[in-house]
Each structure stands twice: as structure tokens, then as C-alpha cells.
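# Structure at a glance
Listed here are the chains, written in short residue letters.
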Amino acid sequence: MNLHKQVTTTALLLMLFATVGAAIVGLTYDSTAEQIEINHKRILLQRLNTIMPPERYDNDLLRDKITIAADPLLGLKQDDTAYIATLKGKPVGVVLPAVAPNGYNGSIYLLVGIYADGRIAGVRITEHRETPGLGDAIESNRSDWIYSFNGKSLTNPGKKKWKVKRDGGVFDQFTGATISPRAVVKAVRSALVYFEQHRDDLFKTDRQEPA
Ligand SMILES: Cc1cc2nc3c(=O)[nH]c(=O)nc-3n(C[C@H](O)[C@H](O)[C@H](O)COP(=O)(O)O)c2cc1C
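Residues numbered from 1 in each chain as written. Predicted model: local features only at pLDDT ≥ 70, side-chain atom pairs only at ≥ 80, totals over all residues.

Helix and strand counts for the chain come out as two helices and five strands. Helices and strands appear in the chain in the N-to-C order α-β-β-β-β-β-α. Computed over the C-alpha atoms, the radius of gyration of the chain is 24 Å, more than 25% above the 17 Å expected from 2.2 N^0.38 for a compact globule of 211 residues. Expressed as lengths along the three principal axes of its C-alpha atoms, the size of the chain is roughly 95 × 45 × 30 Å. Sequence-distant contacts in the chain: of pairs separated by 6 or more residues, those separated by 24 or more amount to 52%. (Helix = DSSP H or I, 4+ residues; strand = E, 2+ residues; numbered from the N terminus. Rg over C-alpha atoms; globule rule 2.2 N^0.38 Å. Contact = placed C-beta atoms within 7 Å.)

Looking now at the pairing of strand 4 (residues 106-115). Of all ten residues making up strand 4, seven are buried, and the element is well covered by its neighbours. Where strand 3 (residues 90-103) and strand 4 come together, nine bridges link them in antiparallel fashion. Residue pairing for strand 4: alanine 98 is matched across the bridge by leucine 110. Connecting strand 3 to the antiparallel partner strand 4 that follows it, the hairpin turn spans two residues. Across six bridges, strand 4 lies against strand 5 (residues 120-127) in antiparallel orientation. For leucine 111, the partnering residue across the bridge sits in strand 5 and is arginine 124. (Buried ≥ 20, exposed ≤ 12 C-beta atoms within 10 Å, placed from the backbone. Pairing = 2+ DSSP bridges.)

With 44 residues, the main nonpolar core has Val94, Leu96, Leu110 and Ala191 as its most contacted residues. Contributing elements (two or more residues each) for this core: helix 1 (3-51), strand 2 (80-87), strand 3, strand 4, strand 5 and helix 2 (179-202). A per-element tally of this core places helix 2 first, with ten residues. If we skip the residues at most four places from it in the chain, valine 94 touches Ala82, Tyr83, Ile84, Ala85, Ile114, Phe195 and Leu202. (Core = buried A, V, L, I, M, F, W, Y, C linked by C-beta atoms within 7 Å.)

The sheet built from five strands is open, its strands ordered 1-2-3-4-5 with antiparallel pairing. The open sheet has two edge strands with one neighbour each: strand 1 (65-68) and strand 5. Going across the sheet, the axis of each strand differs from the next one's by a mean of 25°, ignoring polarity. Helix-sheet contacts for helix 1 involve strand 2, strand 3, strand 4 and strand 5, and the interaxial angle to strand 5 is about 140°. Helix-sheet contacts for helix 2 involve strand 2, strand 3, strand 4 and strand 5, and the interaxial angle to strand 3 is about 145°. (Axes fitted to C-alpha atoms, helices over the stretch in contact; angles between N-to-C directions.)

For strand 5, a buried count of six out of eight residues is recorded, marking the element as mostly surrounded by other parts of the structure. Between the end of strand 4 and the start of strand 5, which pair antiparallel, lie four residues, with glycine 118 showing a positive phi angle near 90°.

Taken together, Tyr104, Asn105, Glu130, Thr131, Leu134, Gly135, Gln173, Gly176, Ala177, Thr178, Ile179 and Ser180 make up the full set of residues near the ligand. Looking at the shell around the ligand, its residues break down into four nonpolar, seven polar and one charged. (Near = placed C-beta within 6 Å. Nonpolar A, V, L, I, M, F, W, Y, C, P; charged D, E, K, R; others polar.)

The next thing to look at is the domain arrangement of the chain. By convention, interface size is frequently given as the accessible area that disappears when the constituent parts associate. For the chain, the assigned domains are domain 1 (1-51) and domain 2 (55-207). Each side of the interface is counted separately: domain 1 has seven residues, and domain 2 has nine residues. (Domains from an automatic or database assignment.)

With respect to the helices and strands, glutamine 173 occurs in the loop between strand 5 and helix 2. With twelve residues separating them in the primary sequence, glutamine 173 and valine 185 have C-alpha atoms 10.0 Å apart. Excluding its chain neighbours within four sequence positions, the residues that come into contact with glutamine 173 are Val164, Lys165, Arg166, Thr178, Pro181 and Arg182.

Below is the structure:
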């Protein structure tokens, strides 16, 4: 084989390897991206189901999501997503995003589940930077505190009692950490006020957007 032929063969082989390699990487990326998306959805639904009990609704919560506009009552500076739960076509609850801007270390991000009658179905913290061992007891895997919202509404307790005990309300604070629970209590109550003001709009079926 002369030199020219050898170079051409090597170049062609390299091209072939590069093409096959790129195709494999591309295919792997596509299937991985799809799997990541499926996993994200599964984890999100699991989380939503800890807030809105799955036996209370029969729709596809991830499909029946709506975009809600930025709103100071929810502490949202930009549009976000809410999930509408329905049973036999009738709205039974919503999971709202909310932000408590005044945590000890900045914003605390929440999901607030509210039944159609205005009672709290459940609350979970989705993101925060509160101090481990102090403010992080707002998390469900650190303490039971977050469950104290279950069943509460704007009338139970009344407005003056929607506070931590230190401020004359009904919700516990933590030893040496009042700022984090105070911020969360305020944000949850504000989410209830938002719900009261936007209930009809949230539950309008023609506002639901397909995924
Ligand atoms: C390093 C450090 C980290 C703290 N982190 C938190 C926190 O994450 N959440 C909180 O509520 N308080 C936190 N605190 C305590 C607050 O500064 C404040 O003293 C407390 O929330 C007030 O609660 P108390 O009135 O029960 O003492 C922290 C304090 C220090 C010194």
C-alpha cells in the first residue's frame, strides 16, 4: 500500500469512528434526557402526593397545571405553576407555590396544598438555606412541625393567632430559632388569603393548560 492510500484509509477510518461515536453519544443523550424527565415527573408527583392526598383526587395532577402570575401574596416575583386536583371533574384542591422572603438566610420556598373549602391539605418546604440544627426544623424530614398546618384555615385559627407562640399565635417556634418558623407561618397564611381571593379563577376548568 502506498503512502497516499494509507493516509486516505486512516482518514476514512477516523471519520467512521467519529461518526459512529457521535451517533452513540447523541442516542445516549436522548434516552438519558427522556429518562431524567420521567424521573423528574415521578419525583414531583410523589412530592405533590405528600401535600394533596392521592385518594382525594382522580385527575392527572401533572397535566392539570396552570400558570399563575407573579403575586406578592405568594411572594412570587415571576410566574409559577400551580396544580389543580379534581375528583370526577370537580375541583377539590390546589397546590400553590409560595415564597417566604424573610427567612434567616433568605427566601424559603414552599408548596401549599389547599382543599376547595379553604383548609390546608399540607405544606412542604422545597428549598431553603436556614441553619442546620436551628431553622431547618421547618423541613418535614427534620421535624413534625410542618404538619401543624394540616387542616388549618383562615378561620382556624383566627387572624391574630396565625403566628408563632412567641408572637401570641398557635404555631410552635423552635428553641433558639423563631425567625424561620415565623416566616413560614406568614407565607402559609398569605397563600390562604391568595386562595380566598383567586379561588374561582384557579378552579375555572377552561384555564387549565395541557402539559
Ligand atoms: C449562626 C446563627 C444561625 C442562626 N440560624 C437561624 C435560623 O436558621 N433560623 C432562625 O430562626 N434563627 C436562627 N438563628 C437565631 C436568630 O438569630 C434569632 O436569635 C432567633 O431566631 C430568635 O429566636 P428566639 O427569640 O427564640 O431566640 C441563628 C443564629 C445564629 C447565631
